[in-house]
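Commentary on secondary and tertiary structure
What follows is the residue order along each chain.
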Amino acid sequence: MVFFAMKQPHSPPPSLDWCLFLDVDGTLIELTETPFETRASEELKAVLREVAERLGGALALVSGRSVEYLDALFAPLRLPSAGLHGVERRKATGVMHGASFTDTQLDRARTALKEFVHDHPRTLLEDKGRTVAVHFRMAPQFEPEVRETVTAIAAGLGTNYQVQAGSMMLEIKPRGFNKGGAVQAFMKEPPFSGRRPVYVGDDLTDLDGFRVVDSLGGVSIAVGDRVQGQYRLDDPAAVREWLKGIAGLIDSHHE
């Protein structure tokens, strides 16, 4: 007997009753070899601006990047954003929670990880101030060493820190924060409250966001095949096309 795998359905028709939570790297923009090469096209910025207007401002970026980085990436847009996996968050009103600063408690980790990447060519250290990450996309052969080293360093920092796995990277961050918590916080505030949440993401860090929107009767959309949601889009190019569909929605109440 031959069995055929069930193909995961693509996204449902968009609605103006949605609120939208978007991961960035690997979701809106293709992954690059290093985290420092990411660029947002003017077309993408224009689409995001239009989608935000259609949804009454109920669009937020939810990323492992810092809010400061997201602002620079999508300038001149300043969208509601959760950065560093929810460690920092800017509300739609512009009020910032968890303002950026350099966490000196991570200094020992910084020193140890700098030595590690120096001794392991093509691994990269990304210091985000309140979190530190090691990327091994260009040196996948070092994955076991990265995991062992980052885990050991995080354990030495005590119980206030934890390791967050991502796409070809491991990150040390404050314990108790994740993208799902950021979504929950947004959902208690206008213009997100009262809308059906939709989360789009491609990575392990997005699974907490998926779980929250699923629990709220919302929609989870996986990008690519790294994680699974209720629906799936093939890649960031497909996400951008899908967003254009939302941008093109007509609000009959304003026609």
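Here is a short report on the structure shown in this document. The model shown is predicted, which means the values in this text are computed figures rather than measured ones. (Residues numbered from 1 in each chain as written. Predicted model: local features only at pLDDT ≥ 70, side-chain atom pairs only at ≥ 80, totals over all residues. Heavy atoms only, no water.)

1. As for the sheet that holds strand β6 (residues 124-127)
Picture the strands of a sheet paired through backbone hydrogen bonds; they go either parallel or antiparallel. Note the threshold: The pairing criterion for strands is at least two bridges between them, as found by DSSP. Think of it this way: any DSSP run of H or I at least four residues long counts as a helix, any run of E at least two long counts as a strand, and we number them from the N terminus. In this description, a line fitted to the C-alpha atoms serves as the axis of each element, helices being fitted only across the stretch in contact, and the angle between N-to-C directions of two axes falls anywhere from 0 to 180 degrees. Any two residues having at least one pair of non-hydrogen atoms within 4.5 Å are treated as being in contact.
Read across the open sheet, the 4 strands follow the order β6-β7-β9-β8; overall the sheet is antiparallel. Each edge of the open sheet is held by one strand with a lone partner, namely β6 and β8 (161-166). Averaged over all adjacent pairs, the angle separating strand axes in this sheet is 20°, with direction ignored. Packed onto the sheet, helix α4 (residues 143-156) meets β7 (132-135), β8 and β9 (169-174) and runs at close to 10° relative to β9.

2. Let's talk about the packing of helix α5 (residues 179-187) against helix α6 (residues 207-215)
Put simply, the rule is: Angle categories: roughly parallel below 35 degrees, roughly antiparallel above 145, roughly perpendicular from 65 to 115, and oblique for all the rest. Note that Gly is not counted as nonpolar here; it falls among the polar residues with everything else outside the nonpolar set of Ala, Val, Leu, Ile, Met, Phe, Trp, Tyr, Cys and Pro and the charged set of Asp, Glu, Lys and Arg.
For the pair α5 and α6, interaxial distance at closest approach is 6 Å and the crossing angle is 40°. Taken together, α5 and α6 sit at an angle that is classed as oblique. Note on element contacts: α6 touches α5 through Asp-208, Gly-209, Val-212 and Val-213, opposite Lys-179, Gly-180, Val-183 and Gln-184. For the contact of α5 with α6, the per-class residue count stands at 3 nonpolar, 3 polar and 2 charged.

3. Quick notes on the nonpolar core
The nonpolar side chains of a soluble globular protein tend to be buried with one another. As a reminder of what qualifies: Each nonpolar core is a collection of buried residues, namely Ala, Val, Leu, Ile, Met, Phe, Trp, Tyr and Cys, held together in the definition by side-chain atoms within 4.5 Å. Think of it in three bands: with a 1.4 Å probe and only protein chains considered, a residue is buried below 20% of the maximum accessible area for its type, exposed above 50%, and partly exposed in between.
Ranked by internal contacts, the top residues of the largest apolar core, which has 49 residues, are Leu-20, Phe-21, Leu-28, Leu-48, Phe-74, Trp-242 and Leu-243. Among the nonpolar cores identified, the runner-up in size contains 18 residues, and Leu-106, Leu-113, Phe-116 and Phe-142 belong to it.

4. A few points about the pattern of salt bridges
As a reminder, the rule being used: In the sections that follow, a salt bridge refers to a side-chain nitrogen of Lys or Arg positioned within 4 Å of a carboxyl oxygen of Asp or Glu.
One pass over the full model with this rule turns up 19 salt bridges. With its nearest N and O atoms 2.9 Å apart, the salt bridge here joins Glu-143 to Arg-147. With Glu-143 and Arg-147 both in helix α4 and 4 residues apart, the pair spans about one turn of that helix. Arg-147 sits in the partly exposed class, given a relative accessible area of 34%. What emerges from the salt-bridge pattern is a single network uniting Asp-23, Lys-179 and Asp-206.

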